[in-house]
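Here is what each chain is made of, one letter per residue.
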Amino acid sequence: MKKLHIKTYGCQMNVYDSERMIDILRPLGYEVSDVADGADLVLLNTCHIREKAAEKVYSEIGRLKELRGEKEARGEGRMTIAVAGCVAQAEGIEIMHRAPAVDLVIGPQAYHQLPELIARTHRAKGERLAADFAPEAKFDALTSDRTVTGPTAFLTVQEGCDKFCTFCVVPYTRGAEWSRPVAAILDEAQALAAKGVRELTLLGQNVNAFNGVGSDGQPSTLAKLMYALADIPGIDRLRYTTSHPNDMGDDLIAAHRDLGAAMPYLHLPVQSGSDKILRAMNRKHGRQAYFDLVARIKAARPDLALSGDFIVGFPGETDKDFEDTLDLVRQVGYASAFTFKYSPRPGTPAASMPNQVPEAVMDERLQTLNALIIEQQQAFKATLVGKTLDILFEKPGRRDNQAIGRSPYLQSVYVEDARHLIGQIVPVRIVAVGNNSLQGALLETVSA
Ligand code: 5AD
Ligand code: SF4
C-alpha cells in the first residue's frame, strides 16, 4: 500500500472535497496516513480566503521538502507533493515558480482527474492543470462510493458564488454559482443513509441560492430539496451552510417551521452592522433588512439560534461603523460567530479602496467583538441547562463508556454510559456548560 496524507485548510467544502479525493485515490492503492512523514503522496487542500490561510501553504511546502529529503535518504522512494484547493486555483502557475518542490497543482473543478494526473507527475514533474471544467463531471466521478465515518456527513449541493462581495475571492476561485441536479444529490444521500448517516449538512458557498434541476425538469429550491431529503428513511436531520440573507426564500423560512428535520440552527453571515460598510461591501442589503429577516425566521421557528461571520476593519470602517456592528450583535444575539480581521485579497475591489484600517485598530476591534460573542455564546449555552435536547450520538468519549453527541445547535455533548447509543438520536437532559461543550445525562427512561 502507498501512503496518502491530506492536509485540509479552510471551509467545510474543502473537508468534503478531501474525503472525496481519498475515495477516488483508494482504488489506486493509497491508504490514509495521519502524518506527512513517510507519505508517498501529500495533498494540501488549500484555502485562499484570507492572506494568512494562503501563506500557510508555502510554509507547509517548506516542511514537506525536508520530509521528502529524509524519506529519500531512507531509501523509501519519492514523496509526491500536490497542491489542491483555492490557492491552487487562484495562484496556479505562481506556486510552481515560488515552490519548485511542488509536483502538481490542481484546481477544485478537476479533482476527478487526480488519478491520471498523479500518474503523469510520476512520468514528468511539473504538471499544472487549468481548472475550468464542468463541475458536473467532477461530481459524477467523485461521489460514487463514499466512505462514511459516522452518523453525520457533509454533502455538497452547490458551488461558486455570483454575489461579488468586494472583499471576497470566492467568486474568482470557485467560479459562478452552479447547483447539482436534485437526482444526483438524492442518490448520494440515499447511499449515505444506507451506511448509517442520520444527519446531513448541505454545503454550498451560497447554498440557499440552490436551484438544481428537479425531476420535473424545473429548477428546485433548497427548501424543496430538503423536503425530498427528509423523505429518505434514516435521514433525520438537515443543516445547510453558508447562506446569504438575500437568498432566504419564503419557502425556506417556512421549512424551518414545518419540516422537523430542519435543525433550529442557522449560519447567516451579515459581516457588518453598518449600512455604509454593507454598501461598500456590496452585500446588497442594509442592517434593517437583516433585522427584519431574523425576526421572520424566529417567528417561524422561535427556538432557532443563529451563528454569523463578521469582518472588522473593512476599508473605511470608523469607530462609529464598528459600534454599529456591536449594536447589531447585541440586538440579534448569536449562539456562535466567526470573526475575522479584514484581509486584502489580490484582485478584489476592496483591496484597492482608500482608508485601509491600521492593524492595531483591527486588533482592538477584533478583541472587543470576540469578547461580546463569547459572552453571548456562554449565555446561550446557559439557557440550555435543565432543558432536554435530542442528541445525535457520534463517537466514544475519552472516559469509560462515555459518548459524545451533537446537539441541535452543533455543540458537543458529553454523556456517561451512552456508548451503546452511538448512531442514535436520543433525548438528553443538559446538566452543565463547559468551555466548548455541554454535559448531558440520559433520561431514566432511556438509560433503563
Ligand atoms: N478578509 C477577511 N475575512 C474574509 N472573509 C471572506 N473574505 C475575507 C477577507 N478578504 C470571511 C467572511 C466570510 C467568511 C467565510 O470569511 O466573513 O463569510
Ligand atoms: Fe464571498 Fe459569501 Fe460574498 Fe459570495 S456571498 S462573495 S462567498 S462572502
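Residues numbered from 1 in each chain as written. Chains lettered and ligands numbered in written order. Predicted model: local features only at pLDDT ≥ 70, side-chain atom pairs only at ≥ 80, totals over all residues. Heavy atoms only, no water.

## Some details on the sheet that holds strand 13 (residues 305-312)
With respect to topology, 3 strands assemble into an open sheet ordered 12-13-14, the strand pairing being parallel. Only two strands of the sheet have a single partner each, and these edge strands are strand 12 (265-267) and strand 14 (336-341). Strand-to-strand, the axes of this sheet are offset by a mean angle of 15°, without reference to chain direction. (Pairing = 2+ DSSP bridges. Helix = DSSP H or I, 4+ residues; strand = E, 2+ residues; numbered from the N terminus. Axes fitted to C-alpha atoms, helices over the stretch in contact; angles between N-to-C directions.)

## Notes on the packing of helix 12 (residues 319-332) against helix 13 (residues 359-384)
One can describe the packing of helix 12 onto helix 13 by two numbers: an axis separation of 11 Å at closest approach and a directional angle of 10°. Here helix 12 lies roughly parallel to helix 13, going by the angle between them. Contact residues: helix 12 offers Asp319, Phe322, Leu326, Val329 and Arg330, while helix 13 offers Arg365, Thr368, Leu369, Leu372, Ile373 and Gln376. For the contact of helix 12 with helix 13, a count of residues per class yields 6 nonpolar, 2 polar and 3 charged. (Parallel < 35°, antiparallel > 145°, perpendicular 65-115°, else oblique. Contact = heavy atoms within 4.5 Å. Nonpolar A, V, L, I, M, F, W, Y, C, P; charged D, E, K, R; others polar.)

## Here we look at the site of ligand 1
Taken together, the neighbourhood of ligand 1 is formed by Ile49, Arg50, Phe167, Gln271, Asp309, Ile311, Phe340, Lys341, Tyr342, Ser343 and Arg345. Contact between ligand 1 and Arg50: an oxygen atom at 2.8 Å from a side-chain N or O atom of the residue. When isolated, ligand 1 has an accessible area of 400 Å², and the protein chains bury 87% of it. When residues of the shell around ligand 1 are traced back to their parent elements, those giving at least two are strand 13 and strand 14. When grouped by side-chain class, the residues that make up the shell around ligand 1 number 5 nonpolar, 2 polar and 4 charged. (Near = heavy atom within 4 Å. Polar contact = N/O pair within 3.5 Å; in protein donor to acceptor, adjacent residues only side chain to side chain. Areas by Shrake-Rupley, 256 points an atom, 1.4 Å probe, with all protein chains shown as cover.)

## Some words on the pattern of salt bridges
On inspection of all chains with the given rule, the structure shows 34 salt bridges. One salt bridge in this structure joins Arg237 and Glu199, with 3.1 Å as the shortest N-O distance. With Arg237 in strand 11 (residues 237-241) and Glu199 in strand 10 (residues 199-203), this residue pair connects regions lying 38 residues apart in the sequence. Two residues, Asp363 and Lys341, come together in a salt bridge whose shortest N-O distance is 2.6 Å. On the criterion of sequence distance, the pair formed by Asp363 in helix 13 and Lys341 in strand 14 is long-range, its members being 22 residues apart. Residue Asp363 is classed as partly exposed on the basis of its relative accessible area, which comes to 35%. A single network of salt bridges, built from pairs that share partners, joins Glu199, Arg237, Arg239, Glu394 and Arg406. (Salt bridge = Lys/Arg side-chain N within 4 Å of Asp/Glu carboxyl O. Buried < 20%, exposed > 50% of the residue type's maximum accessible area, 1.4 Å probe, protein only.)

## A short note on the site of ligand 2
In the neighbourhood of ligand 2, the contacting residues comprise Cys161, Lys163, Phe164, Cys165, Phe167, Cys168, Val170, Pro171, His244 and Arg283. Broken down by class, the residue content of the shell around ligand 2 amounts to 7 nonpolar, 1 polar and 2 charged.

## Remarks on the UniProt feature "domain: TRAM" (unreviewed entry) in the protein chain
Under the local residue numbering, the UniProt record ascribes the feature "domain: TRAM" (unreviewed entry) to residues 382-444. For residues 382-444, the helix share is 6%, the strand share is 51%, and the end-to-end C-alpha distance is 23 Å. (UniProt positions renumbered as here; feature names shortened; annotations may be inferred.)

## Focus: the UniProt feature "domain: Radical SAM core" (unreviewed entry) in the protein chain
Mapped onto this numbering, the UniProt entry gives "domain: Radical SAM core" (unreviewed entry) at residues 147-379. Helix and strand shares over residues 147-379 are 39% and 15% respectively, and the end C-alpha atoms of the span are 38 Å apart.

## Description of the environment of Ala189
Structurally, Ala189 can be placed in helix 7 (residues 182-194). Accessibility expressed as a relative area gives 0% for Ala189, which makes it buried. Residues Ala189 and Lys65, 124 residues apart in the sequence, show an inter-C-alpha distance of 39 Å.

## Quick look at the packing of aromatic side chains
Counted by the stated rule, this structure contains 6 aromatic pairs. With a centroid separation of 5.6 Å and an interplanar angle of 75°, the aromatic rings of Phe164 and Tyr172 are classed as edge-to-face. Since its relative accessible area comes to 38%, Phe164 is described here as partly exposed. Judged by centre distance (5.0 Å) and plane angle (85°), the ring pair of Phe380 and Tyr409 falls under edge-to-face. Here Tyr409 lies in the loop between strand 16 (403-406) and strand 17 (412-415) and Phe380 lies in helix 13, a separation of 29 residues in the sequence. Each residue in the set Phe167, Phe314 and Tyr342 is aromatic and connected to the rest through ring pairs, giving one cluster. Seen from the ring of Tyr30, Lys2 lies directly overhead, with NZ or CZ sitting 4.6 Å from the centre. (Phe/Tyr/Trp six-rings, centres within 6.5 Å; stacked < 30°, edge-to-face > 60°. Lys NZ or Arg CZ within 6 Å of the ring centre and 35° of its normal.)

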